[in-house]
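# Chain and residue survey
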Amino acid sequence: MQNSIEHTNHAQHADAFQIGTDIGSSAFDNAPIGIFDSGFGGLTVAREIVEELPNESIIYFGDTARCPYGPRSQEEVDGFVQQICTWLVERGVKLLVIACNTATAAGLEHAQRTFSVPVIGAVEPGARAAARATKNRRVGVIATKGTVESDCYPRAIRHIDAGITVFSTATPKFVDIVEQGIRISNGPIEDLTSRASKVYIRPAFQEIAQDYLEPLRRCGVDTLVLGCTHYPMLKALIGGVMGHGVLLVSSAEEMAKDVRETLALRGQLAAPDNTPTHEFFTSSNAVDDFRSFGSRVFNREIERPVHVDLPEL
Ligand code: DGL
């Protein structure tokens, strides 16, 4: 019953889903895209998807109550992925986006086997962007402990070009820095992420970034994958240490293109006259925080996020 239309709250989505699958590639499908992350980070991906595909409806789930995923075991995170994907599929989504590298590393393949809708993860698109960008074929990857230990980025990059040497480092404190920064600041996210940011560009954070990144810089990488959906918010801090010669690559834009391509191939893009809806759910009780911090990362007003109690696994 993974793709059960009976379970959906969105009758119109269910109808549209059936149209899309019934009459093939000339059809449109106004069902929503399901996107999830351990918290706010995946909103950097949701933002790209909405920009790339403005007619599409989305349902975003932020598992803020269980964030961070990074230090948890692969088995535990895989269980979260199964649980959240099931919840989204029951709401009639036509495609799932795992907008979290840690969750992709732990649960993408299992999710692709379990659910009948396509599932897009964060790792392969980021690996592809890095393999395309590198000139000297030396690529750095920074990510959470879970992502680095899974070895998914080196495998994905070498699968594309076996001649690329990959250097990976876990940079877990960057997740805390992003979370702290967004809580102690106001205003547009662009101010936060710019080189002039007083929030992220401060000596204590620069010291942490220096410790993490200096060894990678010394390896002579010309491309650095920001292998965590939180990290694009630290572009200025990270770029400041790595220097101008190193290109910073994140998955978000590439994932949005994959979503477009997958839906187009399946004849499931939303109709040009669709009125899209953006719905947000969080496992945390702090719904107001989710609305105010999330709106800044998403770069659009998040109206009425809804708390969802996921049963303990
Ligand atoms: N956003 C998650 C990722 O892309 C990291 C945050 C966490 O540890 O939950 O890996």
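First things first, this report covers the structure right here in the doc. (Residues numbered from 1 in each chain as written. Predicted model: local features only at pLDDT ≥ 70, side-chain atom pairs only at ≥ 80, totals over all residues. Heavy atoms only, no water.)

### Brief notes about the environment of Thr 193
Convention followed: Runs of H or I in DSSP of at least four residues are treated as helices and runs of E of at least two as strands, each being numbered from the N terminus. A contact between two residues is defined here by any heavy atoms of the two lying within 4.5 Å.
Here Thr 193 shows up in helix H9 (residues 189–193). Taking the C-alpha atoms as reference points, Thr 193 and Arg 296, 103 residues apart in sequence, are found 11 Å from one another. Setting aside chain neighbours within four positions, we find Thr 193 in contact with Pro 232, Met 233 and Ala 236.

### Re the pairing of strand E3 (residues 95–98)
Taken residue by residue, a regular strand's side chains alternate between the two faces of the sheet. Stated precisely, the cut-off is as follows: Any residue under 20% of the maximum accessible area for its type is buried, any over 50% is exposed, and the rest in between are partly exposed; the area is computed with a 1.4 Å probe on protein chains only. Two strands qualify as a pair provided DSSP detects at least 2 bridges between them. Orient the strands so they point away from the viewer, and a crossover whose first-strand-to-second-strand path over the helix runs clockwise is right-handed.
By the alternation rule, side chains of E3 split into Leu 95 and Val 97 and Leu 96 and Ile 98, which are all buried. Across four bridges, the pairing between strand E1 (residues 33–37) and E3 is parallel. Paired with Gly 34 across the two strands is Leu 96, which belongs to E3. Between the parallel pair E3 and strand E4 (residues 119–120), the chain is carried across by helix H4 (residues 101–114), and the sense of this crossover is right-handed.

### Thoughts on the packing of helix H10 (residues 203–218) against helix H11 (residues 235–242)
Which entries qualify depends on this criterion: Here an angle of 0 to 180 degrees is reported between the N-to-C directions of two axes, which are lines fitted to C-alpha atoms, with helices fitted over the stretch in contact. For this classification, under 35 degrees means roughly parallel, over 145 means roughly antiparallel, 65 to 115 means roughly perpendicular, and everything else is oblique. By the definition used in this description, the sense in which the near helix is turned from the far one sets the handedness, with an anticlockwise turn below a right angle giving left-handed and a clockwise turn giving right-handed. By the convention adopted, Pro, Cys, Tyr, Trp, Phe, Met, Ile, Leu, Val and Ala count as nonpolar, Lys, Arg, Asp and Glu as charged, and the other residues, Gly among them, as polar.
Two elements in contact, H10 and H11, have axes whose closest approach is 9 Å; the angle formed by their N-to-C orientations is 50°. When the axis of H10 is compared with that of H11, the two are oblique. Both H10 and H11 take part in a crossing whose hand is right-handed. Every residue of H11 that contacts H10 at Phe 205, Gln 206, Ala 209, Gln 210, Leu 213, Leu 216 and Arg 217 is listed here: Leu 237, Ile 238, Val 241 and Met 242. Class assignment of the residues belonging to the contact of H10 with H11 gives a composition of eight nonpolar, two polar and one charged.

### Some remarks on the sheet that holds E4
Spatial ordering of the open sheet is given by E4-E3-E1-E2-E9-E10, a layout of six strands whose pairing is parallel. Every other strand in the sheet has two partners, leaving E4 and strand E10 (306–307) as the edge strands with one partner each. Of the pairings in the sheet, the one linking strand E9 (residues 278–282) to E10 comprises two bridges and is parallel in character. Counted as the bridge partner of Phe 281 is Val 306 from E10.

### Some words on the environment of Arg 266
With respect to the helices and strands, the residue Arg 266 is situated in the loop between helix H12 (252–265) and E9. Put simply, Arg 266 and Pro 118 are 148 residues apart on the chain and 9.8 Å apart in space, counted from C-alpha to C-alpha.

### A word on the site of the ligand
Rule in force here: Residues are classed as near a molecule or strand on a simple rule: at least one heavy atom within 4 Å of it. Any pair of nitrogen or oxygen atoms within 3.5 Å is treated as a polar contact; in protein, a donor-acceptor pairing is required on top of that, and neighbouring residues in sequence qualify only through side-chain atoms on both sides. To be clear on the numbers: accessible area is Shrake-Rupley with a 1.4 Å probe, and residue cover counts the displayed protein chains and nothing else.
Residues in contact with the ligand amount to 13 residues; listed here are only the nearest, Ser 38, Tyr 69, Gly 70, Thr 102 and Thr 229. The separation between an oxygen atom of the ligand and a polar main-chain atom of Tyr 69 is 2.6 Å. In the environment of the ligand, a nitrogen atom lies 3.2 Å from a nitrogen or oxygen atom belonging to the side chain of His 230. A total of 300 Å² of accessible area belongs to the ligand in isolation, and the protein chains cover 99% of it.

### Here's the deal with the packing of aromatic side chains
What counts is decided by this rule: Put simply, two rings from Phe, Tyr or Trp (the six-membered ring, in Trp's case) pair if the centres are within 6.5 Å, and we call them stacked under 30 degrees between planes, edge-to-face over 60, tilted for the rest. In our convention, an over-ring charge means Lys NZ or Arg CZ found within 6 Å of a ring centre and within 35 degrees of that ring's normal.
According to the stated counting rule, one finds 10 aromatic pairs in the structure shown. Measuring from centroid to centroid gives 5.8 Å for Phe 40 and Phe 293, while their planes differ by 85°, and the two rings are edge-to-face. Taken as a pair, Phe 40 in the loop between E1 and helix H2 (43–52) and Phe 293 in helix H13 (residues 287–298) lie far apart in primary sequence, 253 residues in all. On the accessibility criterion, Phe 40 (3% relative accessible area) is buried. A ring pair is formed by Phe 174 and Tyr 212, whose centres lie 5.1 Å apart and whose planes are at 80°; its orientation type is edge-to-face. Note that Phe 174 is positioned in helix H8 (residues 173–184) and Tyr 212 in helix H10, a separation of 38 residues in sequence. Across this residue pair, the class does not change: Phe 174 and Tyr 212 are buried. Between Arg 91 and the ring centre of Trp 87, over which it is positioned, the NZ or CZ distance is 4.1 Å.

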